[in-house]
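# Structural overview
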Amino acid sequence: MKKFNLKMAREGADICTKSGRKVRILAFDRDSQRFPIVALIDNKRVGCYTNSGKFYIDRDSDNDLMMV
């Protein structure tokens, strides 16, 4: 896995969580300055992310986004 890249994600590159779960990005333009990315994790759970792919602003998480 590689560090999350917003440009590549917008172009349709494969994304996963740091823990290896499959992710599909639903939107990059949610009306939120801190968490504009909306993603579906394992086709079950929705998560909101920063433009750098972080699930939390102030700490790392197994839910952080990564490039496959």
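It should be noted that the structure appears before, not after, this text.
Below: a short report on this structure. (Residues numbered from 1 in each chain as written. Predicted model: local features only at pLDDT ≥ 70, side-chain atom pairs only at ≥ 80, totals over all residues. Heavy atoms only, no water.)

### As for the nonpolar core
Ranked by internal contacts, the top residues of the largest apolar core, which has 13 residues, are Phe 4, Ile 15, Val 23, Ile 25, Tyr 49 and Leu 65. Secondary structure elements with two or more residues in this core: β3 (22–27), β4 (37–41) and β6 (65–67). Looking at this core, the element that brings in the most residues is β4, giving 3 residues. Ignoring anything within four residues of it in the chain, the contact list for Leu 65 reads Phe 4, Ile 15, Cys 16, Val 23, Ile 25, Tyr 49 and Gly 53. (Core = buried A, V, L, I, M, F, W, Y, C linked by side-chain atoms within 4.5 Å. Buried < 20%, exposed > 50% of the residue type's maximum accessible area, 1.4 Å probe, protein only. Helix = DSSP H or I, 4+ residues; strand = E, 2+ residues; numbered from the N terminus. Contact = heavy atoms within 4.5 Å.)

### Side note on the environment of Asp 60
Along the polypeptide, Asp 60 turns up in the loop between β5 (45–49) and β6. Note on Asp 60: relative accessible area 56%, which makes it exposed. For the pair Asp 60 and Thr 50, spaced 10 residues apart in the sequence, the C-alpha separation amounts to 12 Å. For Asp 60, the contacting residues outside a window of four places in its chain are Lys 18 and Lys 54. In this structure the side chain of Asp 60 is engaged in a polar contact, spanning 2.3 Å, whose partner is the side chain of Lys 54. (Polar contact = N/O pair within 3.5 Å; in protein donor to acceptor, adjacent residues only side chain to side chain.)

### Notes on the sheet that holds β3
Read across the sheet, 6 strands follow the order β1-β6-β2-β3-β4-β5 without closing on themselves; strand pairing throughout is antiparallel. Because the sheet does not close on itself, it has two edges, and the strands there are β1 (2–3) and β5. Pairing of β1 with β6 involves 2 bridges; the strand directions are antiparallel. Directly across from Lys 2, in β6, lies its bridge partner Met 67. (Pairing = 2+ DSSP bridges.)

### As for unusual backbone geometry
One non-glycine residue, Asp 42, lies in the positive phi region at around 55 degrees. Here Asp 42 is to be found in the loop between β4 and β5. Assessed through its relative accessible area of 32%, Asp 42 is described here as partly exposed. Although it is not a glycine, Asn 43 sits at a positive phi angle of roughly 60 degrees. Taking the relative accessible area as the measure of exposure, Asn 43 reaches 59% and is therefore exposed.

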